[in-house]
Amino acid sequence: QVQLVESGGGLVQPGGSLRLSCAASGSVASINGMGWYRQTPGNQRDLVATITRGGWTNYADSVKGRFTISRDNAKNTIYLQMSSLKPEDTAVYYCNANLQSGTTFPFENYWGQGTQVTVSS
């Protein structure tokens, strides 16, 4: 059983910062790409940032220069450092990982349960 567990969400004022974490646990054999997505009510889930096992990153235009994704392969964990937060960053943030739950299993996409980020004064 594989789980992605997110933490670090909460309420922050505009211009503030938050750091999200996502750890993959359970029978994880190998992980390819990992990333963060976000979703607001009535809308689709959108990409925020992704990172490969080798550390290559990709960001949505709306967060470039404000958010930084990083990864600790030894801990099967990714982070999202969010700075200069805006009210429009308010959303549920989901962690995603393309991983292998056993050495004989195929790579599949897994999602965390989501963590709420609210940017408001």
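Because the structure is predicted, anything quoted here is derived from the model rather than measured. (Residues numbered from 1 in each chain as written. Predicted model: local features only at pLDDT ≥ 70, side-chain atom pairs only at ≥ 80, totals over all residues. Heavy atoms only, no water.)

Turning our attention to the sheet that holds strand 8 (residues 77-82). Across a sheet, strands are paired by hydrogen bonds formed along the backbone, either parallel or antiparallel in direction. Spatial ordering of the open sheet is given by 1-3-8-7, a layout of 4 strands whose pairing is antiparallel. Across the chains shown, the open sheet's two edge strands, defined by having one partner strand only, are strand 1 (2-7) and strand 7 (67-72). Each strand of the sheet is rotated relative to its neighbour by a mean of 15°, with strand direction disregarded. Pairing analysis gives 6 bridges linking strand 3 (residues 18-26) to strand 8, with the strands arranged antiparallel. (Pairing = 2+ DSSP bridges. Helix = DSSP H or I, 4+ residues; strand = E, 2+ residues; numbered from the N terminus. Axes fitted to C-alpha atoms, helices over the stretch in contact; angles between N-to-C directions.)

Attention shifts here to the environment of Lys75. Here Lys75 shows up in the loop between strand 7 and strand 8. Given a relative accessible area of 55%, Lys75 falls into the exposed group. As for Lys75 and Ser25, which are separated by 50 residues in sequence, their C-alpha atoms are 9.1 Å apart. (Buried < 20%, exposed > 50% of the residue type's maximum accessible area, 1.4 Å probe, protein only.)

To continue, consider the nonpolar core. The biggest cluster of nonpolar side chains holds 29 residues, and the ones touching the most others in it are Trp36, Val48, Phe67, Leu80, Met82 and Tyr93. Broken down by secondary-structure element, the contributors of at least two residues to this core are strand 1, strand 3, strand 4 (30-39), strand 5 (46-51), strand 7, strand 8, strand 9 (91-100) and strand 11 (115-119). Sequence-distant contacts of Phe67, defined by excluding residues within four places in its chain, comprise Arg38, Val48, Tyr59, Leu80, Gln81, Met82, Ser83, Leu85, Asp89 and Tyr93. (Core = buried A, V, L, I, M, F, W, Y, C linked by side-chain atoms within 4.5 Å. Contact = heavy atoms within 4.5 Å.)

Function cannot be inferred from these measures alone, as they are strictly geometric.
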